[in-house]
Amino acid sequence: MKSSNLVAVTRRSFGATPDGTHVDIYTITNAAGVEMRAINYGGIITSLKVPDRSGQRDDVVLGFDSVDGYLKAPPYFGAIVGRYGNRIANGRFTLEGEIFELATNDGPNHLHGGVKGFDKVVWAARPIEGTRGAGVEFTRTSPDGEEGYPGNLNTTVTYTVTDDNELVVEYRATADRATPVNLTQHTYFNLAGDGSGDILGHELMLDADHYTLVDETLIPTGEIAAVEGTPFDFRRRTAIGARIDLPHVQLRHAKGYDHNFVLSRRGDGLHHAADVFEPRTGRTLSIDTTEPGVQFYSGNFLDGTIAGKAGHLYGFRNGFCLETQHFPDSPNHAHFPSTIVKPGQMYSSKTVFRFGIRN
Ligand code: GLA
C-alpha cells in the first residue's frame, strides 16, 4: 500500500467483530527481515518475526491466528492498554475534589482500563510513513464516562518499524476534562519463539535501582524499595528463572514477577529501561522509553488453558511482558509521578523496542 525507505506496509481483512465491524491486519516489513503484524482491534500486535543468530526468522510474540481468539478476551495479548494501564485501588480516585468510581475487573480493583478497555475496541487505522520507517497509526476517542473515566480522550498510537530493526511505539492524547492516562503496550514476548515453552532461561537486565512494593491484590503500598540484595535486582543480566521461586513475600503476592520497576536513568527524553537476551537463539531485545517505570510481568497467570497460534498451549510463564508505564495506582499516591492529563495539555509517551542478535 505504501512504502518508505525499505519498509513496506500492506493491509488486508482479518475478519470482523460480532457486531459486524471489519477488522484489518497491517503487515509491516523491513529489508533486514523484520515483519510485524498488527490489527485495528485493540491495536494488537499479532505477530513479530525477527531473525536469530543463524538467520532463521521466528515469531517472538504470543497471540492467535484469527480474530476469534482475540475476541475471547485473552489476557491483553499484544494489545494497547488504556485508559489506565495497571491497577487503580478499588477503582476509585479523587480528582479536583470529585470522587470517581471506575469499573472493577480484577478482584476489588480496576485493571488495564476496565471491563472493556482500549484492548477490546476497534480503532480507526491508517498506514503511515516516516523518515526512518513505516507502520500504522491507530486513533480513537474514548468517550466521557467510559469505564467511569472523566472527559473525552482523543488518543493516537503509532507503531513504526525502522530499517534498524526497531519497533517505535508513540502515544499521544488530549482530554477535555482532567483525567488519569497511562497508556502501554502489552505484548507477551518469547524470544526463543512462540510456543517454545517457558521464558525462564531468558536473561534480563532492568535499569532500575528501585521497585514499587505491592500488597496481595498487587496494589502499591506506596513504598519504593531498593532492589539491592533481593530477587528484584536485575541491574546485572540475570536469568528470569534464577530467583523467581525464592520465598520472597513480593514474589509470593504475584506468583512470580509482576512489579513496577522505577527506572534509574529518568530524564526528559528516551532513557534505557531493559535488555533481554535469549541464549539458545541469540536474540536480543533492548527497550528505551520516556516513561518513569516498567512493569515486568513473567506470565504467572498463564496456565495452559489458552490455545494460541498453531494450537500452542500457553503454559505457566511461557511469555513475559515489559510494559513501559507510569506507576500503578498513581491517582491515589501523591508522591508518584502524576498521570493526570488536563485540558490544553498533550499526553505524549514513546517506547523503542530494538531487536538484535548476540553470540
Ligand atoms: C499485567 C498485570 C498482571 C496481569 C497481566 C495480564 O501485567 O500486572 O497482573 O493482569 O497484566 O494477566
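Everything below is about the structure printed above this text.
None of the values given here were measured: they were computed from a predicted structure. (Residues numbered from 1 in each chain as written. Predicted model: local features only at pLDDT ≥ 70, side-chain atom pairs only at ≥ 80, totals over all residues. Heavy atoms only, no water.)

Caption draft 1: Here's a closer look at the overall build of the protein chain. The helix and strand tally for the protein chain stands at 2 helices and 28 strands. Relative to the globule expectation of 21 Å for 359 residues, the C-alpha radius of gyration of the protein chain, 19 Å, shows essentially globular dimensions. The principal-axis extents of the C-alpha atoms in the protein chain amount to approximately 55 × 45 × 40 Å. The burial tally for the protein chain puts 59% of its 359 residues in the buried class. Within the protein chain, counting contacts between residues at least 6 apart in sequence, those at least 24 apart form 65% of the total. (Helix = DSSP H or I, 4+ residues; strand = E, 2+ residues; numbered from the N terminus. Rg over C-alpha atoms; globule rule 2.2 N^0.38 Å. Buried < 20%, exposed > 50% of the residue type's maximum accessible area, 1.4 Å probe, protein only. Contact = heavy atoms within 4.5 Å.)

Caption draft 2: Quick look at the site of the ligand. Around the ligand sit 13 residues, and of these Arg87, His112, His186, Asp258 and Glu323 come closest. With respect to the ligand, the side chain of Arg87 contributes an N or O atom lying 2.7 Å from an oxygen atom. With respect to the ligand, the side chain of His112 contributes an N or O atom lying 2.9 Å from an oxygen atom. Protein contacts shield 96% of the accessible area of the ligand, which totals 300 Å² for the unbound molecule. (Near = heavy atom within 4 Å. Polar contact = N/O pair within 3.5 Å; in protein donor to acceptor, adjacent residues only side chain to side chain. Areas by Shrake-Rupley, 256 points an atom, 1.4 Å probe, with all protein chains shown as cover.)

Caption draft 3: Structural detail: the packing of aromatic side chains. Tallied over the full model, the rule gives 21 aromatic pairs. Between Phe64 and Tyr70, the ring centres sit 5.0 Å apart and the planes meet at 90 degrees, which makes this aromatic pair edge-to-face. For the pair Phe64 and Tyr70, a shared accessibility class is recorded, and that class is buried. Grouped by ring-pair contacts, the aromatic residues Phe64, Tyr70, Phe77, Tyr188, Tyr297, Phe301 and Tyr314 constitute a single cluster. Taking NZ or CZ as reference, Arg243 lies 4.7 Å from the ring centre of Phe234, over its face. (Phe/Tyr/Trp six-rings, centres within 6.5 Å; stacked < 30°, edge-to-face > 60°. Lys NZ or Arg CZ within 6 Å of the ring centre and 35° of its normal.)

Caption draft 4: Focus on the environment of Thr284. Within the secondary structure, Thr284 sits in strand β24 (residues 283–289). For the pair Thr284 and Ile357, spaced 73 residues apart in the sequence, the C-alpha separation amounts to 5.3 Å. Those residues within four positions of Thr284 in sequence are excluded, and the remaining contacts are Leu191, Val276, Phe277, Arg354, Phe355, Gly356, Ile357 and Arg358.

Caption draft 5: Just unusual backbone geometry, in detail. At the junction of Gly82 and Arg83, the peptide bond is cis and its omega measures out at 5 degrees in the coordinates. Mapped onto the secondary structure, Arg83 falls in the loop between β7 (80–81) and β8 (87–88). The backbone of Asn90 sits at a positive phi, close to 55 degrees, despite the residue not being glycine. Taking the relative accessible area as the measure of exposure, Asn90 reaches 40% and is therefore partly exposed. Even without being glycine, Asp329 reaches a positive phi, approximately 55 degrees. Mapped onto the elements, Asp329 comes out in the loop between β26 (321–325) and β27 (340–341).

Caption draft 6: Broad picture of the sheet that holds β24. An order of β12-β13-β14-β15-β28-β24-β23-β18-β21 is seen for the 9 strands of this open sheet, with the pairing classed as antiparallel. Edge positions in the sheet fall to β12 (124–129) and β21 (238–239), since each of these pairs with one other strand and no more. For strand β23 (residues 271–277) and β24, the ladder comprises 6 bridges, and the chain directions are antiparallel. Bridge pairing links Phe277 to Thr284 in β24. (Pairing = 2+ DSSP bridges.)

Caption draft 7: Seen up close, the layout of surface pockets. By volume, the largest pocket amounts to about 400 Å³. Around the largest pocket sit 24 residues that line it, and Tyr76, Arg87, Asp106, Leu111 and Phe301 are the ones nearest its centre. The set of elements that each furnish at least two residues to the lining of the largest pocket consists of α2 (249–254) and β25 (293–297). Among the residues making up the lining of the largest pocket, the classes are represented as 10 nonpolar, 7 polar and 7 charged. Lining the second largest pocket are 14 residues; nearest its centre among them are His326, Ser338, Thr339, Ile340 and Tyr347. If you list the elements that add at least two residues to the lining of the second largest pocket, you get β27 and β28 (347–357). Class assignment for the residues of the lining of the second largest pocket results in 7 nonpolar, 6 polar and 1 charged. (1 Å grid on protein atoms, 1.4 Å probe; cavity = no way out; pocket = protein on both sides within 12 Å on 5 of 7 lines; lining within 4 Å. Points joined across faces, edges and corners; volume = space filled by probe spheres on them. Nonpolar A, V, L, I, M, F, W, Y, C, P; charged D, E, K, R; others polar.)

Caption draft 8: The arrangement of the pattern of salt bridges in detail. Using the criterion set out here, one finds 21 salt bridges in the structure. The partner of Glu146 in a salt bridge is Arg140, with the nearest N and O atoms 2.6 Å apart. For Arg140, a relative accessible area of 16% translates into the label buried. The closest approach of N and O atoms between Arg317 and Asp245, which form a salt bridge, is 3.2 Å. Taken together, the residues span a long stretch of sequence, with Arg317 in the loop between β25 and β26 and Asp245 in the loop between β21 and α2 at a distance of 72 residues. Residue classification places Arg317 among the buried residues on the basis of a relative accessible area of 4%. Exposure remark for Asp245: the relative accessible area of 61% places this residue in the exposed category. (Salt bridge = Lys/Arg side-chain N within 4 Å of Asp/Glu carboxyl O.)

These values are about where atoms sit, not about what they do.
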